Structure formats: structure tokens, C-alpha cells
Amino acid sequence: MTATARKADQSATPKTVSESSSDKSATVVVMAQRPARKLNIQPALAAICRNVLPPLVVLIALLAIWQIACSHPGATLPPPSQVWIDSYDLIAFPFFDYGSQDIGLAWRVLISLQRVAIGFGLAAIVGVFLGAVVGQSIWAMRGLDPIFQILRTVPPLAWLPLSLAAFQNSNPSAIFVIFITSIWPVIINTAVGVRNIPDDYRNIARVLRLNPLEFFIRIMVPAAAPYIFTGLRIGIGLSWLAIVAAEMLTGGVGIGFFIWDAWNSSRLSDIIVALAYIGVTGFVLDKLVALLGNVITRGTAKN
Amino acid sequence: MNAYLKIDHIDKSFERGGTKTEVLKDVSLTIDKGEFVSIIGHSGCGKSTLLNLIAGLTRVTAGAVLLENVEVNAPGPERAVVFQNHSLLPWLTVYENVNLAVSKVFAGRKTKAEKHEWVMRNLDLVQMGHAKDKRPAEISGGMKQRVGIARALAMEPKILLLDEPFGALDALTRAHLQDAVMEIHARLGNTIIMITHDVDEAVLLSDRIVMMTNGPAARIGEVLEVPIPRPRDRIALAADRTYLKSREAVLKFLYERHRFVEAAE
């Protein structure tokens, strides 16, 4: 129990190590003390405590539960303490580079991100354009929408064999899977956004005699921007989901292949560390797109 | 016969699901250059439809609208519209909203510096030069409508179409904007058509008031000349006999002869 609490503290927040005494209920002490102290400090610090402390406490608790659950002799999965020992180099040195397949997880994530960037970037461009067409033209909608609705339900990996056959190469196939996975929410949300452009904006464009390209750039994209960014945000989440699965099958040096490789060599601790990397990266990607959306669409929602 | 704007026996009907609704029936009107004409009527009488027909935003079913003897069949900047709810683009600043119109309408005709100067001149005309870098969400309703007017004026239109421009504003702001429009009209001599449902506003601003009968198949019931010399002052007019008589004539038309009956739909 003592070891459990200290280990949990160490892996999550190294700076609290000195605080955590060898008392048997270290976690309970942390939970009880911090909120009481929060009341006496500056509002800014209080805000940080409000936002950072609760997930931290939950994380520590979860690690503790995990540690307890996996500590008995017949456990099939390693406890956090074992992960820390086994995969210390992966956790502490994300950027090491010892040759082709022996590189830090940050490099692998970056390689996967590169594939996502290409596939998702193409999906964003094509998706916004197609969505604009579907939203603008009633006949394009009637013709294309049912097909989009069917295709979007196809799971990402179902596309992989076909794209491998078509491209004859694993890298473009993985990129295609990203593209085809993330394009649907972009198309559908853009179309909804374009359909919801107020008539007033259209009338202004007509009075000014904006040509279709000017209308697209000056009215349609900014007016539909909140919807477009909703689509992009869903799309980037999906593409991050798909890349890991696609890389497991296509190989290469991405984070997905690393997991497959680790599984084949029974390095379960490495898989757990890779999952943490993937989760954090996905979270950051989502927040980045949301932030970009907020910056670009400021003022658009309110009128 | 050479009227500036000629509305020539126009009909307008909408068809939806097999049922045809006649909105306007045999409407004819001529407007001279520099004239300020108000169109007044109860809601639903088709006055906004009439304005949209002049703007070219909707097509006539029969008849024609002629501006300087050229038929109107599409919208264009020479018939600039100030919409009821200002309809500024919220992602652009005040300056950019006006500049969007200026850069499109004067593309190839003005240099960049001239365009900038023209945007600022029109913003100053409506006293909005100070707020040029603000976004529509950051300014009041009256200020938004001022910018809407500046955007329309910046197109250098042959005719300015105001679609209940002050309808959504409080009484004090409305009075300020009416004065601003009168001043601009006096300075620039624009031809202006304004849709309104406010009797005082119509009498104060207009040279002529066009009174519409109730729909469906609305037509022009009466046209009233308002022979009050300009510049007009709202305080002095409050006791002016011509003003009161004009006002009474419009009120009688709207509330005695063509009382609004709530349509039972």
C-alpha cells in the first residue's frame, strides 16, 4: 500500500515526491489538504488548481487502482511501477535516435502526424469544396448526399485493402485511409453551414454582383466557418483514430506500427506508454483545431 | 415619359405547391431623379416585395421595372439596398464591410488610395469614421444601420433602396438616423425609396408617400405629395399645418379606408 501510493505519485507528479511522506494514506492526505490551501492563494493560482488538480487527483487514484489490480502474481498486464521500470527510456527520452527502428516515441508520433497532416489536409480542402457544392446546389445535394451518407459509414480499415491494391505502396495507402475517413464530417458539416447562410448575406453578394469565386471566399467560407471547424475537429479526431489502425497493418515507422511490433515482441509496457503518447497527441490535435477555429471565427457566431 | 425610375404595370405572384398567391397587382409608379419616396402599408401588403422587385432580387411576374429606360432583371450596385436588419458581415470590421463594396464596385476604376479615401468619406458621412476598426458585434444597432447606409452609399447607387431601415431601432436612435438620412439626401441629392410602416417617418422624410392597399393582390391605393419645404425640422414641423394634414391623410388611408384585417390563415 505504501509503495502503491508513492509510486503513483512519482509517475504522475514528480514534484510531490518530497511531500508524500511514508505515511500509509498519502493519497488521502493530498486530497484533503489541497482544496483547503487553495482558498488562501491568488485567484490565478486558484483557477489552475480548479482545472489541474481534479484530473491530477483522478489520475493518481486510477494509477493506484491499476497498481493494486495488477500487482498480484498471476496478473496478465503490468502495473504502472513495472511500466516505469520496463519502458523508462521511452518515457524519459522521447527524442532518442539509435537507428532505423530504434527511435524515440516522439519521432514515431511525428511520422504518424506527417501522414495525418497530408491525408487530413487533402480531406479538409476537398471536403470544404465538396461541402460547399452540396450546400449550395439543391441538385448536387440530391445526387451526392445519399452516396456520402452511405460511404461515411464504411469503417476506415475496410478501405485499406482496396487502397493497397490501387496504390501498390503502404505509405500512400495509409494517407488515403486518413483522407477517406476524415473527409465525410468535413463535407457534411460544411454543407450544413453553407445551407444555413442567411439570405441577407446572399442578397448582399447579389447586389454587389460577386462572382462565384468571390462569393465562396468572401461570404461562404467565413459564414460557414463555425460549421466547417466543427467538421474539421471531428475529422482530425477520426484521422488520428484511423492512422494507428492503418499503420498496424501497413508497417513503417509510425506509432501504430510500434504498437504492433511491441505486441509481437511481448513488450506490453511499451504498448502502454505508446497509448499514453497517442492519447495526449490526439488531445492536443483536437485542442489545436478548436483553438484555430476560435481564432478564425471570432465574431462570426454573434451578430 | 422619360422618368428616372419607372415601375410599369407590374404583377407579382408566388407559387407554392400548386397554389398561386398574388402579392402585387398592376402596380405602376414613376420616380424622378433626386426624389425621396416612401412606400407605406400594413404588414404583409407586399411593400417589401415591391422593393425587392426594384432591387432585382426577385423577378416580376408581369410588367417591368425600368431604371433610366433600362430594364431591371438582376440585382446590382446601382440599386443599393439597406436591409432591415443591417446585414453587415459579422466577421469583417466596419471598414472592411464598406471596403468589400467599394473594392468590388470600383475595381479598376479607383486606385487603392482613392478607394481608402472613398470608404472613409462614406463612413464619415454617417459619422462612423471613429469606429472603423470595430466589428458589428461591438457597436449598437443604430451604428450598425449607419454602417449599412454607408455601405450602400459607397456603391454610388443611382437609387438607394431602404427596406424599413429604422424598424428595429428605438425611437431616439431612429430620430437621429432619420436626421442623418435627411442630411445626406440634402447633400448628395440621392434618389431614395424607403419602405416604412411609420407614418411620422414617412411624412417627415418624403417628397411623396405611396400608400399600398392590403394584400393579397395589393396595389397602390393613393399617392400623397408632401409639399413641405426642405430642410425640414422635426420640432418645427410638430405644429406645422401641412405636416399635420399630410399625417392625417396617411392615417385616414391606413386606419379608415384600408384597415388591417388579421388574415385568418
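Below is a summary of the structure that appears in this document. Fair warning: this is a prediction, and the values are worked out from it, not measured in the lab.

1. Focus: the sheet that holds strand S4 (residues 62–67) of chain B
All names here are of chain B.
Logical step 1: Reading across the sheet, the 4 strands line up as S2-S1-S4-S5 and stay open at both edges, with antiparallel pairing between neighbours. Each having just a single partner strand, strand S2 (19–31) and strand S5 (70–71) make up the two edges of the open sheet.
Logical step 2: Sheet analysis places strand S1 (residues 5–16) next to S4, joined by 5 bridges and oriented antiparallel. Paired with Leu5 across the bridge in S4 is Leu67.

2. Looking at the pairing of strand S3 (residues 36–40) of chain B
Residues and elements named next belong to chain B.
Logical step 1: In terms of residue burial, S3 counts as a mostly covered element, since 5 of its 5 residues are buried.
Logical step 2: Side chains of S3 alternate between two faces, with Phe36, Ser38 and Ile40 and Val37 and Ile39 buried alike.
Logical step 3: Judged from the 5 bridges that link them, S3 and strand S8 (residues 191–196) form a sheet pairing that is parallel. Looking at S8, one finds that Val37 is bridged to Ile193.

3. A short note on the side chain of Ser163 of chain A
Residue and element names in this part refer to chain A.
Logical step 1: The topology assignment puts Ser163 in helix H8 (residues 160–167).
Logical step 2: When its relative accessible area of 2% is taken as the criterion, Ser163 is described as buried.
Logical step 3: Among residues more than four places away in sequence, those in contact with Ser163 are Gln168, Ser173, Phe176 and Val177.

4. With respect to the packing of H8 of chain A against helix H9 (residues 170–195) of chain A
Residue and element names in this part refer to chain A.
Logical step 1: Two elements in contact, H8 and H9, have axes separated by 8 Å at closest approach and are oriented at 135°. For the element pair H8 / H9, the angle class is oblique. As for how H8 packs across H9, the hand of that crossing is right-handed. Contacts between H8 and H9 involve Leu160, Ser163, Leu164 and Phe167 from the first element and Ser170, Pro172, Ser173, Phe176 and Val177 from the second.
Logical step 2: Residues of the contact of H8 with H9, tallied by class, amount to 6 nonpolar, 3 polar and no charged.

5. Here we look at the packing of aromatic side chains
Logical step 1: Under the definition given, this model contains 8 aromatic pairs over all chains.
Logical step 2: In textbook terms, an aromatic cluster arises when at least three aromatic residues are bridged by ring pairs, as seen for Trp159, Phe167, Phe176 and Phe179 of chain A.
Logical step 3: Here the guanidinium or amino end of Lys12 of chain B rests over the ring plane of Phe14 of chain B, the centre of that ring lying 4.8 Å away.
Logical step 4: In this structure, Lys110 of chain B is placed above the aromatic ring of Trp118 of chain B, and the distance from its NZ or CZ to the ring centre is 4.9 Å.

6. Thoughts on the sheet that holds S8 of chain B
All names here are of chain B.
Logical step 1: An order of S6-S7-S8-S3-S9-S10 is seen for the 6 strands of this open sheet, with the pairing classed as mixed. With one partner strand each, in any of the chains shown, strand S6 (79–82) and strand S10 (220–225) form the two edges of the open sheet. Taking the axes of each pair of neighbouring strands and ignoring which way they run, one obtains an average angle of 20° across the sheet.
Logical step 2: Against the sheet, helix H4 (residues 141–154) contacts S6 and strand S7 (159–163), and its axis sits at roughly 175° relative to S6.

7. Quick notes on the nonpolar core
Among soluble globular proteins, nonpolar side chains are generally buried collectively.
Logical step 1: Counting 146 residues, the largest nonpolar core has Leu5, Leu50, Leu123, Ile149, Ile193, Ile209 and Val250 of chain B as the members making the most contacts within it.
Logical step 2: Per-element accounting of this core gives the leading share, 14 residues, to helix H11 (residues 212–250) of chain A.
Logical step 3: Setting aside its immediate chain neighbours within four residues, Leu50 of chain B contacts Ile7, Ile10, Leu24, Val27, Ile39 and Met212 of chain B.

8. Let's talk about a nonpolar patch on the surface
Logical step 1: The grouping of Val280, Phe283, Val284, Leu288, Leu291, Leu292, Val295 and Ile296 of chain A at the surface amounts to a nonpolar patch, some 760 Å² of accessible area in total.
Logical step 2: With respect to the helices and strands, Leu288 of chain A occurs in helix H13 (residues 268–296).

9. Considerations on the environment of Val126 of chain A
Residues and elements named next belong to chain A.
Logical step 1: Checked against the element boundaries, Val126 lands in helix H6 (residues 105–136).
Logical step 2: Under the relative-accessibility criterion, Val126 is labelled partly exposed at 30%.
Logical step 3: Put simply, Val126 and Arg108 are 18 residues apart on the chain and 27 Å apart in space, counted from C-alpha to C-alpha.
Logical step 4: Once you skip the residues sitting within four places of it in the chain, Val126 turns out to touch Phe179 and Ile183.

10. Comments concerning the pairing of S8 of chain B
Residues and elements named next belong to chain B.
Logical step 1: Taken across its 6 residues, S8 has 6 buried, putting it largely inside the fold.
Logical step 2: Residues Thr191, Ile193 and Ile195 line one face of S8 and the alternating positions Ile192, Met194 and Thr196 line the opposite face, and both faces are buried.
Logical step 3: In this sheet, S8 lies alongside S7 in parallel orientation, the contact comprising 5 bridges. When the bridges of S8 are listed, Ile159 appears paired with Thr191.
Logical step 4: In the classification by handedness, the crossover that spans S7, the intervening helix H5 (residues 171–188) and the parallel S8 is right-handed.

11. Topic: helix H3 (residues 43–69) of chain A
All names here are of chain A.
Logical step 1: Spanning 27 residues, H3 covers 39 Å between terminal C-alpha atoms, matching the ideal 39 Å at 1.5 Å per step.
Logical step 2: The largest bend along H3 measures about 35° and falls at Val52, with the proline Pro54 one to four residues further on.
Logical step 3: Restricting attention to buried positions, one finds in H3 the residues Ala46, Leu53, Val57, Ile60, Leu63, Ala64 and Gln67.

12. Side note on H4 of chain B
Logical step 1: If you check H4 of chain B, its first and last C-alpha atoms are 20 Å apart, about what 14 residues at 1.5 Å a residue would give, namely 20 Å.
Logical step 2: Of all 14 residues making up H4 of chain B, 12 are buried, and the element is well covered by its neighbours.
Logical step 3: For H4 of chain B, the full list of buried residues reads Gly142, Lys144, Gln145, Arg146, Val147, Gly148, Ile149, Ala150, Arg151, Ala152, Leu153 and Ala154 of chain B.
Logical step 4: Contacts from the buried residues of H4 of chain B go to helix H10 (199–207) of chain A together with S6, helix H2 (94–105), helix H3 (112–125), S7 and H5 of chain B.
Logical step 5: Note on H4 of chain B: the residue one or two positions beyond its end, Glu156 of chain B, has a positive phi of about 50°.

13. Side note on the pattern of salt bridges
Logical step 1: Considering all chains together, one arrives at 19 salt bridges over all chains under this definition.
Logical step 2: Of the charged contacts, one joins Lys25 of chain B and Asp11 of chain B as a salt bridge, the two residues approaching to 3.9 Å between their closest N and O atoms. Of this pair, Lys25 of chain B sits in strand S2 while Asp11 of chain B sits in strand S1, and the two are 14 residues apart along the sequence.
Logical step 3: Residue class for Lys25 of chain B comes out partly exposed when judged on its relative accessible area of 35%.
Logical step 4: Close ionic contact of Lys132 of chain B with Asp133 of chain B constitutes a salt bridge, the shortest N to O distance being 3.4 Å.
Logical step 5: Three or more residues joined by partner-sharing salt bridges are found here, namely Arg209 of chain A together with Glu78 and Arg79 of chain B.

14. Looking at the interface of chain A and chain B
Logical step 1: Chain A puts 20 residues into the contact, and the matching count from chain B is 27 residues.
Logical step 2: Here chain A meets chain B over a buried area of about 2,100 Å², counting both sides, of which 64% is carbon and sulfur.
Logical step 3: For the interface between chain A and chain B, the tally reads 2 salt bridges.
Logical step 4: Residue Glu214 of chain A pairs with Lys104 of chain B through a salt bridge whose shortest N-O separation is 2.9 Å.
Logical step 5: Our enumeration of links across chain A and chain B arrives at 6 residue pairs in polar contact (both at pLDDT 80 or more).
Logical step 6: Put simply, the parts of the chain that give the side of chain A that touches chain B at least two residues each are H10 and H11 of chain A.

Thresholds applied
Residues numbered from 1 in each chain as written. Chains lettered and ligands numbered in written order. Predicted model: local features only at pLDDT ≥ 70, side-chain atom pairs only at ≥ 80, totals over all residues. Heavy atoms only, no water. Pairing = 2+ DSSP bridges. Helix = DSSP H or I, 4+ residues; strand = E, 2+ residues; numbered from the N terminus. Buried < 20%, exposed > 50% of the residue type's maximum accessible area, 1.4 Å probe, protein only. Contact = heavy atoms within 4.5 Å. Axes fitted to C-alpha atoms, helices over the stretch in contact; angles between N-to-C directions. Parallel < 35°, antiparallel > 145°, perpendicular 65-115°, else oblique. Left-handed = near helix turned anticlockwise from the far one by under 90°. Nonpolar A, V, L, I, M, F, W, Y, C, P; charged D, E, K, R; others polar. Phe/Tyr/Trp six-rings, centres within 6.5 Å; stacked < 30°, edge-to-face > 60°. Lys NZ or Arg CZ within 6 Å of the ring centre and 35° of its normal. Core = buried A, V, L, I, M, F, W, Y, C linked by side-chain atoms within 4.5 Å. Patch = residues over 30% accessible without salt bridge, like charges linked within 9 Å, V, L, I, M, F, W, Y side chains within 5 Å. Areas by Shrake-Rupley, 256 points an atom, 1.4 Å probe, with all protein chains shown as cover. Salt bridge = Lys/Arg side-chain N within 4 Å of Asp/Glu carboxyl O. Right-handed = clockwise from strand over helix to strand, strands pointing away. Expected span 1.5 Å × (residues − 1). Bend = angle between axes of the 7 residues up to and from the residue. Buried area = accessible area lost by both parts, 1.4 Å probe. Polar contact = N/O pair within 3.5 Å; in protein donor to acceptor, adjacent residues only side chain to side chain.

In short, geometric facts, not functional conclusions.
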